[in-house]
Structure formats: C-alpha cells, structure tokens
Amino acid sequence: MREIQYHITQAEDAMAIEPYLKRVHGYSSRTIIKLKHYPEGIRLNGEHARTIDRMKCGDVLSITFLDPDNNLDHYIRCNKAVEICYEDDDILVYNKPPFMPCHQSCGHAADTLANVFAAHCDKLGQQLMYRPLNRLDRDTTGAVVIAKTRFAAASVTGGFHKVYRAIVCGVPEAGAGRIDAPIRRELPEEMRRIVAPDGQRAVTNYRVIAQNGEYSLVDFTLETGRTHQIRVHMAHIGHPLLGDCMYGKPSDLIDRQALHCASIGFEHPVTHSMVEVSCKMPQDMQSLCSRFGWENIL
C-alpha cells in the first residue's frame with residue numbers, strides 16, 4: 001500500500017479532483033478508475049471523496065494505491081549484495097553488476113536482479129511486484145530502475161535520460177560524433193544485429209573523455225533505444241567495445257563487453273522533481289582505467 005498526500009494551493013482552489021489529478025499530476029483515466037474501486041482510494045481531508053468533488057485551498061487530498069499485484073512469491077531469494085544507488089517509497093535504482101540478468105530465463109532461475117529484489121522486499125517487509133523500467137544485457141553493468149508501484153511504473157516509463165560509458169578499441173575521429181545508422185537483426189531468429197538500410201532508425205551520440213592511442217573511454221547518449229545499439233554502432237565505425245565477443249573479439253583484458261550505464265535521470269512520479277542517479281563503474285572497468293592511465297576519471 002502506498003499513500004500520497006497532495007496539499008491544495010490557491011491555484012487549485014475550486015478544482016474538481018479528477019481534472020486536478022490528470023492535469024497537475026499526470027494520472028491516467030485508467031488509474032483514476034482503479035482508485036474509485038477502492039474505499040480508501042480517494043479521500044479529501046480524511047473522508048471518502050468522489051472524483052467530481054471540488055477542493056478548496058488548504059485541503060489535503062489523499063490517494064492510496066492498494067497494489068494487490070505480487071509476483072515475487074515464485075522467485076527464489078538471492079542475497080547477493082547489489083548496490084542500491086537510490087531508493088524511496090516509489091522508486092529503487094540498482095547498480096547492476098556484470099554477469100547478472102535482469103530477468104529470469106532458462107538457466108537463470110535464482111541469480112537475477114529479480115531474485116535480489118525479492119530478497120530486498122522481504123527485508124523491507126513489503127509485498128511488491130518486480131517492475132524494471134529499463135533493461136541491461138547480462139554482461140552490461142549499471143543503472144536499472146525498479147518501480148515499486150503501478151502508478152510509478154506508468155508515470156516514469158520512457159521518461160529517462162541515460163549516459164552510458166564504455167571502453168572501445170582505438171580512438172574515434174574528432175573526439176565526438178553522431179551515428180545515424182539503421183539497425184536490424186542479421187537473421188530473423190538470431191540475437192546479433194547489423195547496420196542495414198532496411199533496419200529501424202538508430203541514433204547514437206558519443207564523446208571521447210580519455211584515450212591512450214590504443215583504447216578510448218567514451219560516453220554515450222542515445223536518441224533511440226535499439227537492442228545492442230551502442231555495440232553495433234561502434235563496431236560499424238571500426239571501434240568495437242573492448243571484450244565484445246559478438247561485435248568485436250575476445251580480450252585478455254576483460255571477459256565481457258566493457259559497457260556501463262553510468263547515470264540515469266527521470267522526473268519523480270510523485271514530487272515531479274528531477275532525479276539524477278549516478279552509478280560508479282564496476283571494478284573490472286575501474287582497473288582498466290587505472291591501467292590505461294585514466295585515474296582522474298574514477
């Protein structure tokens with residue numbers, strides 16, 4: 001259960017509850033209908049209220065989400081320590097380690113981020129649903145956002161600003177650039193992607209922040225969100241990610257692609273303030289930065 005209180009100001013005086021929730025706080029019609037089904041869903045100054053009721057300056061509107069959904073019962077609990085970079089009543093941000101899938105799959109029933117979240121909810125004494133709002137490949141590290149309520153999930157989904165950081169082979173020309181090249185599957189049932197004229201539009205912006213002539217540390221922002229987009233685009237311009245076996249070649253320096261979601265920003269679903277969360281690079285990438293003389297980046 002999650003209760004949110006809104007204090008009505010002079011600007012909202014005489015406003016009805018439903019338009020207030022929609023226009024001021026971005027509630028959907030579907031969410032409001034669900035709230036109307038709960039006896040405690042919508043209260044004005046502690047009393048049950050209708051969505052057509054009008055509010056006065058100084059009133060307190062209470063919204064209670066009775067979220068009966070709980071999909072964690074069937075998850076095996078995983079007590080592996082995973083860094084939590086941000087947490088409140090609505091949102092949690094993990095710094096996902098390498099080699100951990102976000103979701104369960106064949107061969108990964110007990111070692112995923114979902115299993116970690118289930119164990120965390122036990123510690124909190126809460127019955128929640130696992131709602132990851134972004135996804136990283138098993139071998140990619142960094143920020144993964146979990147919504148603790150259905151409302152938070154609906155409010156935040158798609159509204160992210162992310163910065164990825166990677167170590168690539170060679171030094172991209174000009175130190176910064178924009179790659180606008182369509183991507184599609186190489187074969188219909190295969191995971192590997194390629195740049196092809198008949199693919200979906202994909203746009204990647206990059207900026208070199210350190211280099212030693214042989215390798216570069218690069219930051220990325222994406223205008224689109226295609227699968228493997230950074231990895232495909234960098235291989236396409238001749239600078240594959242270090243350790244990327246699918247789009248480059250194996251490396252003795254790191255046993256995965258050196259890719260990390262370094263920060264994520266979004267508008268908070270309740271306060272509407274901007275939340276910016278940074279996730280430090282994992283140890284394998286930090287060690288490479290030190291080895292390449294980029295200690296000032298850490």
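Worth saying up front: this structure is predicted, and the values here are computed from it rather than measured.

A word on the nonpolar core. Grouped together as the largest cluster of nonpolar side chains are 48 residues, with contacts concentrated most on Val 93, Tyr 94, Phe 117, Tyr 130, Val 145, Phe 220 and Phe 266. For this core, the element with the most residues is helix α3 (residues 113-124), which contributes six residues. Core analysis: the second largest hydrophobic core is formed by 20 residues, Met 15, Tyr 20, Leu 44 and Phe 65 among them.

Estimated volume of the largest pocket: approximately 1000 Å³. Lining of the largest pocket is provided by 38 residues; of these, Arg 135, Leu 136, Asp 137, Thr 227 and His 228 occupy positions nearest its centre. When its residues are assigned to classes, the lining of the largest pocket shows 12 nonpolar, 16 polar and 10 charged. Its boundaries defined by the atoms lining it, the second largest pocket holds a volume of some 240 Å³. Surrounding the second largest pocket, 13 residues form its lining, Met 1, Arg 2, Asp 89, Gln 126 and Leu 128 being those nearest its centre. Residue composition of the lining of the second largest pocket, by class: four nonpolar, three polar and six charged.

We now examine helix α2 (residues 29-36). Turning to α2, its buried residues number three or more, namely Thr 31, Ile 32 and Leu 35. For α2, the arc enclosing every buried residue in end-on projection is 100°, short of the 170-degree limit, so these residues lie on one face. Contacts made by the buried residues of α2 are with α1 (17-25), β2 (42-44), β4 (60-65) and α4 (150-156).

Okay, the environment of Asp 88 next. Relative to the elements of secondary structure, Asp 88 occurs in the loop between β5 (84-87) and β6 (91-96). With 82 residues separating them in the primary sequence, Asp 88 and Tyr 6 have C-alpha atoms 17 Å apart. At 2.8 Å, the side chain of Asp 88 and the backbone nitrogen of Ile 91 are in polar contact.

Bringing the sheet that holds strand β3 (residues 47-48) into the picture now. Strand order across the open sheet formed by four strands is β1-β4-β2-β3, with antiparallel pairing between neighbours. Every interior strand has two partners, whereas the edge strands, β1 (2-7) and β3, have only one. Two elements, β1 and β4, share six bridges in a ladder whose sense is antiparallel. Bridging across to β4, Glu 3 finds its partner in Thr 64. Along the sheet, α1 makes contact with β1, β2 and β4, crossing β4 at roughly 75°. The sheet strands contacting α2 are β2 and β4, and the helix crosses β4 at an angle near 90°.

Here β4 lies mainly inside the structure; six of its six residues are buried. Residues Val 60, Ser 62 and Thr 64 point to one face of β4 and Leu 61, Ile 63 and Phe 65 to the other, with burial holding for every one of them.

The backbone of Phe 99 shows a phi angle near 70°, a positive value even though the residue is not glycine. Here Phe 99 lies in the loop between β6 and α3. Its identity is not glycine, yet His 272 carries a phi of approximately 65°, on the positive side. Take His 272: it is sitting in the loop between β14 (259-267) and β15 (274-278). Classification of His 272 as partly exposed rests on a relative accessible area of 28%.

Let us look at the pattern of salt bridges. The tally for this structure, following the rule as stated, stands at 18 salt bridges. Glu 40 serves as the salt-bridge partner of Arg 43, at 3.5 Å between the closest nitrogen and oxygen. According to the relative accessible area criterion, Glu 40 is partly exposed, its value standing at 41%. Overlapping salt bridges bring together Arg 178, Asp 180, Arg 201 and Glu 223 as one network.

Criteria and cut-off values
- Residues numbered from 1 in each chain as written.
- Predicted model: local features only at pLDDT ≥ 70, side-chain atom pairs only at ≥ 80, totals over all residues.
- Heavy atoms only, no water.
- Core = buried A, V, L, I, M, F, W, Y, C linked by side-chain atoms within 4.5 Å.
- Buried < 20%, exposed > 50% of the residue type's maximum accessible area, 1.4 Å probe, protein only.
- Helix = DSSP H or I, 4+ residues; strand = E, 2+ residues; numbered from the N terminus.
- 1 Å grid on protein atoms, 1.4 Å probe; cavity = no way out; pocket = protein on both sides within 12 Å on 5 of 7 lines; lining within 4 Å.
- Points joined across faces, edges and corners; volume = space filled by probe spheres on them.
- Nonpolar A, V, L, I, M, F, W, Y, C, P; charged D, E, K, R; others polar.
- Arc of directions from axis to C-beta.
- Contact = heavy atoms within 4.5 Å.
- Polar contact = N/O pair within 3.5 Å; in protein donor to acceptor, adjacent residues only side chain to side chain.
- Pairing = 2+ DSSP bridges.
- Axes fitted to C-alpha atoms, helices over the stretch in contact; angles between N-to-C directions.
- Salt bridge = Lys/Arg side-chain N within 4 Å of Asp/Glu carboxyl O.

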